[in-house]
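# Architecture at a glance
Listed below are the residues making up each chain.
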Amino acid sequence: MGKIYEGIDEHQREWIAEQPPFFVGSAPLDGNGHGVPLMSYEGERPHMEAWAEKKLRVGGEAEIGACVAAKSAEGIDGLPAF
């Protein structure tokens, strides 16, 4: 969270002067202001299939349904998914 200062007083000026410099690197922007590279779809990763096979082996289809329901009840924002 940031704080907005109307000006910099002497105490703040001294503190800023004591801080070591640092640099932030970023991807170059294209003409539209986007810095995300283009990526191509190469296929599915094997993780989901391996996970599902193990769930079926250990607990059956009910286990997959219960896991999906528990993990998909809300989105990453905490809001209900469905």
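Heads up: the structure comes first, above all this text.
On a predicted model such as this, the values are computed, not experimentally measured, just so you know. (Residues numbered from 1 in each chain as written. Predicted model: local features only at pLDDT ≥ 70, side-chain atom pairs only at ≥ 80, totals over all residues. Heavy atoms only, no water.)

## Thoughts on the overall build of the protein
Scanning the protein from N- to C-terminus turns up two helices and zero strands. Out of the 82 residues in the protein, the part that is buried amounts to 4%. Accessible area for the protein stands at about 8,400 Å²; split by element, carbon and sulfur atoms hold 60% of it. (Helix = DSSP H or I, 4+ residues; strand = E, 2+ residues; numbered from the N terminus. Buried < 20%, exposed > 50% of the residue type's maximum accessible area, 1.4 Å probe, protein only. Areas by Shrake-Rupley, 256 points an atom, 1.4 Å probe, with all protein chains shown as cover.)

## Here we look at the pattern of salt bridges
All chains considered together, the criterion is met by two salt bridges. Ionic pairing is found between Glu10 and Arg13, a salt bridge with its closest N-O pair at 3.7 Å. Of this pair, Glu10 and Arg13 both sit in helix α1 (residues 10–18), three residues apart, which is roughly one turn of that helix. (Salt bridge = Lys/Arg side-chain N within 4 Å of Asp/Glu carboxyl O.)

## Section: a nonpolar patch on the surface
There is a patch of nonpolar side chains on the surface, built from Ile8, Trp15 and Ile16 and spanning about 330 Å² of accessible area. Position of Ile8 relative to the elements: it lies in the segment before α1. On the basis of relative accessibility, which here comes to 48%, the residue Ile8 falls in the partly exposed class. (Patch = residues over 30% accessible without salt bridge, like charges linked within 9 Å, V, L, I, M, F, W, Y side chains within 5 Å.)

## Some details on helix α2 (residues 47–71)
With 25 residues, α2 ought to run about 36 Å at 1.5 Å a step, yet its terminal C-alpha atoms sit only 16 Å apart, falling short of that. Gly59 marks where α2 bends most, by close to 125°. (Expected span 1.5 Å × (residues − 1). Bend = angle between axes of the 7 residues up to and from the residue.)

## Some details on the side chain of Gln12
Considering the arrangement of structural elements, one finds Gln12 in helix α1. Here Gln12 falls in the buried class, since its relative accessible area comes to 18%. Those residues within four positions of Gln12 in sequence are excluded, and the remaining contacts are Tyr5 and Gly7. (Contact = heavy atoms within 4.5 Å.)

## Considerations on the environment of Ala81
Structurally, Ala81 is set in the segment after α2. For Ala81, a relative accessible area of 35% corresponds to the partly exposed category. If we ignore the near neighbours within four places in the chain, the residues touching Ala81 are Ser72, Ala73, Glu74 and Gly75.

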